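Residue-level structure breakdown
The primary structure of each chain is shown beneath.
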Amino acid sequence: MRRLRACLGAAAAVGLAAAGTTALVAGSASGATSALGNRWYAAAPYLMPLDNDPPDPAAIMDATGLKAFQLAFVLAPNGGGCSPTWGGTAAVSSDTAVQSVVNTIRAKGGDVSVSIGGYGGTKLGQVCSDAAATAAAYQQVITKYGLHAIDFDLEEPEYENTAAIKNEIGAAKILQQNNPGLYVSVTTAGTADGTGWFGKQMLLEAKSQGFTPNNFSIMPFDGGFNGAASQTGALTNFNQILQSTFGWDQATAYAHEGFSGMNGRSDTGEFFTQTDFQTVLDYATSHSMDRFTFWSLNRDRQCTPADNGGRTSGTCSSVAQNSWDFAKYSVTFAGATPPSSTPTPTPTPPGTGCKPAWSSTAVYTAGNEVSYNNHNWKAKWWTQNETPVASDWGVWQDEGAC
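Within every chain, residues take consecutive numbers counted from 1 along the sequence as written. The predicted nature of this model means local features are confined to residues of pLDDT at least 70 and side-chain atom pairs, given and counted, to a pLDDT of 80 or more, with totals for whole chains, interfaces and linings taken over all residues. Excluding hydrogens and water, the side-chain values take into account all heavy atoms of the structure.

**Some words on the packing of aromatic side chains**
Aromatic ring pairs are described here by two measures, namely the spacing of the ring centres and the angle between the planes. As a reminder of what qualifies: Within 6.5 Å between ring centres, the rings of Phe, Tyr and Trp (the latter by its six-membered ring) count as paired, and their orientation is classed by plane angle as stacked under 30 degrees, edge-to-face over 60, tilted in between. In this description a helix means any DSSP run of H or I spanning at least four residues, a strand means any run of E spanning at least two, and both kinds are numbered starting from the N terminus.
In the structure shown here, the tally under the stated rule is 22 aromatic pairs. Here Trp358 and Tyr372 contribute two aromatic rings whose centre-to-centre distance is 5.5 Å and whose plane-to-plane angle is 80°, an arrangement assigned as edge-to-face. Taken together, the positions of Trp358 in the loop between helix H12 (327-333) and strand S13 (363-364) and Tyr372 in strand S14 (residues 369-372) put the pair 14 residues apart, joining distant regions of the chain. Through pairs of rings, three or more aromatic residues link up here, namely Phe259, Phe277, Phe292, Phe294, Phe326, Tyr329 and Phe333.

What follows is the structure in structure tokens.
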């Protein structure tokens, strides 16, 4: 699903979560600002701060009026263990790079939420011993960054693991109790019927534990969707699932429902344009939905040279657009007025200037550039004999046609 695409070992930390000790997020040493209104956290688009050619959040804020960002993804360490990392590789406990991004955003009056899970990597709910240990790992993230919001992105393959989902939902409930005012969203896969069997089982687990987040959001893409009409149809069906699962009326269900889209070309070749986003935004606001977000700001720019339709990229949308066009829909959902848009650009022809041809025997390190199949590619880390292919979790970053 998403996206081309991340248990605290200390006994004292586990005891903190298990005992229900309140964590005062506003008093964190991270320099957290006062919380924004919940509507901003509900509108925060996803941003990978360490991968996929991260854009400058300050530039996005200046251009669009956006105030909140959903930083992705916190995972278990690739080598195993119940401690939070960025993308499975960068320990939260020693992080300075993401903290710098957070500081930049807060210095301009904004704030961040952090997303845990996603499509790739090992999730903490899979490796931590129970809900209390899982919550203790996430509490480290909340305390480190002084968070006022957190997103549980529960999808394949984790949401097929009953024990893992029990840990994640249990952890979410503990964090909600221990951090008063914490905005909690739960994001899962979308289908034409709303969500699939595993998504419904996740909702039943939440019901059994007595856990109600600010919203349950679905991702209506990568599932045979075709534009906004198919997405709003899925949202309508998901609303009915929420009603039947929790015994809510329609309005209450919409007040706990969210949309998480994918801008431009999806992983499976679907296309969602600015017009589609406007249609879904109108649906979300007219039904008083709680959340409207998308994957991702790293992709919210036109490919250079334009490659509209031929590939899915983690660093551009593959549709004709101005930079940050899609972020402006989040700003509108939050209740603010973004600056006037300039006309959408006409795609430019593929450029020239191919880098040296990729070699299966050469050793490449981070930043090395090659050409392969008429595209330029940049290495993210050390590699040898790995064919360049577009994948957010792979070693090569596609820089466009040449």
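That covers the picture; the talk isn't over yet.
**Let's talk about the state of the cysteines**
Counted only if it meets this: Count a disulfide wherever a pair of cysteine sulfur atoms falls within 2.5 Å. The buried label applies to any residue whose accessible area, calculated with a 1.4 Å probe on protein chains only, is under 20% of its type's maximum; exposed applies above 50%, and partly exposed to all values in between.
Under the definition given, this model contains two disulfides. Note on cysteine connectivity: Cys82 is disulfide-linked to Cys128, with sulfurs 2.0 Å apart. Every disulfide takes its handedness from the sign of the S-S torsion; for Cys82 and Cys128 that torsion is 100°, giving right-handed. Linking Cys82 in the loop between strand S2 (68-75) and strand S3 (85-86) with Cys128 in the loop between helix H5 (124-127) and helix H6 (131-145), this pair joins segments that are 46 residues apart in sequence. When sorted by exposure, Cys82 lands in the same class as Cys128, which is buried. The partner cysteine of Cys303 in its disulfide is Cys316, sulfur to sulfur 2.1 Å. Residues Cys303 and Cys316 share a disulfide whose torsion about the S-S bond is about 90°; that sign makes it right-handed. One end of the pair, Cys303, is in the loop between strand S12 (291-295) and H12; the other, Cys316, is in the loop between S12 and H12, and 13 residues separate them in sequence.

**Comments concerning the pattern of salt bridges**
Basically, it comes down to this: Every case where a carboxyl oxygen of Asp or Glu lies within 4 Å of a side-chain nitrogen of Lys or Arg is listed as a salt bridge.
By the definition in use, this model includes five salt bridges. Across the salt bridge formed by Asp53 and Arg301, the nearest N and O atoms sit 3.8 Å from each other. One end of the pair, Asp53, is in the loop between strand S1 (46-47) and helix H3 (57-64); the other, Arg301, is in the loop between S12 and H12, and 248 residues separate them in sequence. Residue Asp53 is classed as partly exposed on the basis of its relative accessible area of 40%. Arg291 serves as the salt-bridge partner of Asp151, at 3.7 Å between the closest nitrogen and oxygen. On the criterion of sequence distance, the pair formed by Asp151 in strand S6 (residues 149-153) and Arg291 in strand S12 is long-range, its members being 140 residues apart. The exposure classification of Asp151 matches that of Arg291, with both residues buried.

**Here we look at the packing of helix H7 (residues 162-178) against helix H8 (residues 197-209)**
Rule in force here: Axes here mean lines fitted to C-alpha atoms, for a helix over just the part in contact, with angles spanning 0 to 180 degrees between N-to-C directions. In this scheme, roughly parallel covers angles under 35 degrees and roughly antiparallel covers those over 145, while 65 to 115 is roughly perpendicular and the rest are oblique. Take the far helix as your reference; a near helix turned counterclockwise from it by less than a right angle gives a left-handed crossing, and one turned clockwise gives a right-handed crossing. Two residues qualify as a contact provided that any one of their heavy atoms is within 4.5 Å of a heavy atom in the partner residue. All residues other than Ala, Val, Leu, Ile, Met, Phe, Trp, Tyr, Cys, Pro, Asp, Glu, Lys and Arg, Gly among them, are scored as polar; the first ten of these are nonpolar and the last four charged.
Between H7 and H8, the shortest axis-to-axis distance is 10 Å and the interhelical angle comes to 45°. By the angle class used here, H7 and H8 are oblique. Of the two possible hands of crossing, H7 and H8 adopt the one that is right-handed. Contact residues: H7 offers Ile165, Lys166, Ile169, Gly170 and Lys173, while H8 offers Met202, Glu205, Ala206 and Gln209. Among the residues making up the contact of H7 with H8, the classes are represented as four nonpolar, two polar and three charged.

**Details of the sheet that holds strand S17 (residues 396-401)**
Selection rule: Two strands qualify as a pair provided DSSP detects at least 2 bridges between them.
Pairing is antiparallel across the open sheet formed by three strands, whose spatial order is S14-S15-S17. Of all the strands in the sheet, the pair left with one neighbour each is S14 and S17. For this sheet the average axis-to-axis angle between neighbouring strands, irrespective of direction, equals 30°. Sheet topology note: the S14/strand S15 (residues 375-379) ladder contains four bridges and is antiparallel. The partner of Val370 across the bridge, within S15, is Trp377.

**Observations concerning helix H4 (residues 97-107)**
We apply this condition: Comment: arc refers to directions from the helix axis out to C-beta atoms.
Val98, Gln99, Val101, Val102, Ile105 and Arg106 are the residues of H4 that are buried. Buried residues of H4, viewed axially, fall in a sector of 155°; they line one side. On the buried face of H4, the contacting elements are H3, S2, S3, strand S5 (111-117) and H6.

**With respect to the side chain of Asn167**
Our working definition: The term polar contact refers here to a pair of N or O atoms within 3.5 Å; inside protein, the definition further demands a hydrogen-donor-capable atom paired with an acceptor-capable atom, and it admits residues adjacent in sequence only when both atoms are side-chain atoms.
Of note, Asn167 is situated in helix H7. Since its relative accessible area comes to 10%, Asn167 is described here as buried. Reaching out from Asn167, the side chain makes a polar contact with the backbone oxygen of Cys128 at a distance of 3.3 Å.

**With respect to the side chain of Thr188**
With respect to the helices, strands and loops of the structure, Thr188 is situated in strand S7 (residues 183-189). Separated by 2.8 Å, the side chain of Thr188 and the backbone oxygen of Leu154 make a polar contact. Aside from chain neighbours lying at most four places away, what touches Thr188 is Leu154, Tyr159, Thr195, Gly199, Met202, Ser217, Ile218 and Met219.

**Quick word on the pairing of S6**
Burial analysis of S6 places five of its five residues in the buried class, which makes it a mostly covered element. Neither face of S6 is left uncovered, since the one carrying Ala149, Asp151 and Asp153 and the one carrying Ile150 and Phe152 both have all their residues buried. Note that S5 and S6 share four bridges and pair parallel. Across the sheet, the residue bridging to Val114 is Ile150, located in S6. For S6 and S7, the ladder comprises five bridges, and the chain directions are parallel.

**Some thoughts on the confidence of the model for the protein chain**
What counts here: pLDDT is defined as a per-residue confidence score from the predictor, taking values between 0 and 100.
Across the protein chain, the average pLDDT comes to 88, with 87% of residues at 70 or higher. Segment residues 347-352 is flagged for pLDDT under 50; beyond a separation of four residues in sequence, or across chains, it makes 13 contacts in the model.

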